[in-house]
Protein chains: 2
Amino acid sequence: MEAVAVALQILERDGPDGLTMRSIAAEMGIRAPSLYKHIEGKEELEALLIADSLRRSGKAMHDAVASLSARAGRRAALTALGHAYRAWALAHPHLYRLATGGPLPRERLPTGLEAWAAEPLVRAAGSQERARAAWAFAHGMTILELDGRFPPEADLNAAWESGLQALSR
Amino acid sequence: MEAVAVALQILERDGPDGLTMRSIAAEMGIRAPSLYKHIEGKEELEALLIADSLRRSGKAMHDAVASLSARAGRRAALTALGHAYRAWALAHPHLYRLATGGPLPRERLPTGLEAWAAEPLVRAAGSQERARAAWAFAHGMTILELDGRFPPEADLNAAWESGLQALSR
DNA sequence: GTCTATAGTGGGATAGAC
DNA sequence: GTCTATCCCACTATAGAC
């Protein structure tokens, strides 16, 4: 199993604090210094993880709109994307956080990947401004939920519903 | 100058990585160990910083709606809050990030502070669900801007405008 | 309240031999 | 590609004398 796959597994299992060059090496059955023959360093590793996240979450977004009927409106598309976005993030919380927290290492990412992942939303929203507003809403809902910032009794389904409805008009 | 004020100054000047027990002590003219006679530890310190952030940003929110005319509608209130929210965060980026990233240490915060800070938004939005959606949008826009996640050419004013308009209907 | 000294932990990264 | 041996860094925290 190569380094990135192992790192992914550790990240999802132990969280970001558990992901160290040492822990990756240990899981691979080698010593930490040997890892540097496989990977440049930690920055490179994180960029590879982010790229993987973009590829997989982007796929989930493309799939979400692909299954809609041709006559589905903006409301249906944004709702489908919102649900898929939230579901993906809740299923991969640590990876989501890694990929969306802090600056994007754009120089280290494959050209076009970021745009491809955003494509379904831009199409569904109808304009760049609306897409950015919708993304901000979705990311805000998601990260606040992951961080446990909403009160325990909060009805998050209702908040998503309310926001998606408003933003699709 | 006591510890919290010094910590605040270092945080805003050098960012979170520059904020260590050593740096705080140095700035106060004492050694790191002596700091523990003033403050329990780093968790306590961060909770105090977060409380300060809630107090000051909450004040900005209360002020933003207080200056509205009595006949102002929901749209005007949400717009004023949105602008004040963004302005406050951009003026205190490191503190904003500290106070909104990760779980809230609710046990360490003064009772009622969180609710008080949220009050203007809940009132302006008209319901808890709408308030949560609006907060998610505002936080999403803000943190994505702070993290440089939007493309450089993005028109963030337009995105704010678009989102606030949609969410105030 | 302050100091010196130190414990204990963890991290990323490199040199050079095999 | 792998190893051993290190280096460097940084941090929180405590003990005990003054």
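This next bit is on the relation of the copies chain B and chain A. Mapping chain B onto chain A calls for a rotation angle of 180 degrees and an axial translation of 0.0 Å; the resulting RMSD is 0.0 Å. When the rotation and shift are considered jointly, the pair of chain copies conforms to a two-fold rotation axis.

Another aspect to go through is the protein's contact with DNA strand D. The immediate surroundings of DNA strand D are formed by 13 residues, with Arg31(A), Lys37(A), His38(A), Thr20(B) and Arg22(B) found nearest. A distance of 2.5 Å separates a phosphate oxygen of DNA strand D from a polar atom in the side chain of His38(A). At 3.2 Å from a phosphate oxygen of DNA strand D is found a side-chain nitrogen or oxygen belonging to Tyr36(B). Elements represented by at least two residues in the surface near DNA strand D include exactly α3 (32–35) of chain A together with α2 (21–28) of chain B. Residues belonging to the surface near DNA strand D are distributed by class as follows: 5 nonpolar, 4 polar and 4 charged.

Soluble, globular proteins show a tendency: their nonpolar side chains are buried together. Membership of the largest hydrophobic core comes to 77 residues, with the highest contact counts inside it found for Ile24(A), Leu49(A), Phe137(A), Met141(A), Phe137(B) and Met141(B). Setting aside chain neighbours within four positions, we find Met141(A) in contact with Phe150(A), Leu156(A), Ala159(A), Trp160(A), Arg132(B), Ala133(B) and Ala136(B). With 18 residues, the next largest nonpolar core counts Ala3(B), Val4(B), Met21(B) and Trp88(B) among its residues.

Once that is clear, we can look at the interface of chain B and chain A. Counting residues at the interface gives 34 residues for chain B, matched by 34 residues for chain A. At the boundary of chain B with chain A, total buried surface from both sides reaches about 2,900 Å², with 61% on carbon and sulfur atoms. Three residues stand out in chain B for area buried against chain A, namely Arg132(B), Trp135(B) and Arg149(B), and they jointly supply 24% of the buried area on that side. The tally of links between chain B and chain A comes to 9 residue pairs in polar contact (both at pLDDT 80 or more). Broken down by secondary-structure element, the contributors of at least two residues to the side of chain B that touches chain A are α6 (93–100), α8 (128–146) and α9 (156–167) of chain B. No other element matches the 12 residues that α8(B) contributes to the side of chain B that touches chain A. Within the side of chain B that touches chain A, the residues separate by chemical class into 17 nonpolar, 8 polar and 9 charged.

With that settled, consider the domain arrangement of chain A. Much of the literature gives interface size as the accessible area that the parts lose upon coming together. Residues and elements named next belong to chain A. Considered domain by domain, chain A is made up of domain 1 (1–39) and domain 2 (42–167). Each of domain 1 and domain 2 was reduced to a C-alpha centroid, and the two centroids are 27 Å apart. Across the boundary between the two partners, domain 1 contributes 12 residues, which contact 12 residues of domain 2. Between domain 1 and domain 2, a total of about 1,100 Å² is buried, with carbon and sulfur atoms accounting for 78% of that surface. On the surface where domain 1 and domain 2 come into contact, there are 0 salt bridges. On the surface where domain 1 and domain 2 come into contact, there are 1 residue pair in polar contact (both at pLDDT 80 or more). Taken together, the elements giving at least two residues each to the side of domain 1 that touches domain 2 come down to α1 (3–14) and α2 (21–28). Among the elements that take part in the side of domain 1 that touches domain 2, α1 stands out by supplying 5 residues, more than any other.

Reading guide: rules and limits
Residues numbered from 1 in each chain as written. Chains lettered and ligands numbered in written order. Predicted model: local features only at pLDDT ≥ 70, side-chain atom pairs only at ≥ 80, totals over all residues. Heavy atoms only, no water. Least-squares fit on C-alpha atoms with pLDDT ≥ 70 in both. Near = heavy atom within 4 Å. Polar contact = N/O pair within 3.5 Å; in protein donor to acceptor, adjacent residues only side chain to side chain. Helix = DSSP H or I, 4+ residues; strand = E, 2+ residues; numbered from the N terminus. Nonpolar A, V, L, I, M, F, W, Y, C, P; charged D, E, K, R; others polar. Core = buried A, V, L, I, M, F, W, Y, C linked by side-chain atoms within 4.5 Å. Buried < 20%, exposed > 50% of the residue type's maximum accessible area, 1.4 Å probe, protein only. Contact = heavy atoms within 4.5 Å. Buried area = accessible area lost by both parts, 1.4 Å probe. Domains from an automatic or database assignment. Salt bridge = Lys/Arg side-chain N within 4 Å of Asp/Glu carboxyl O.

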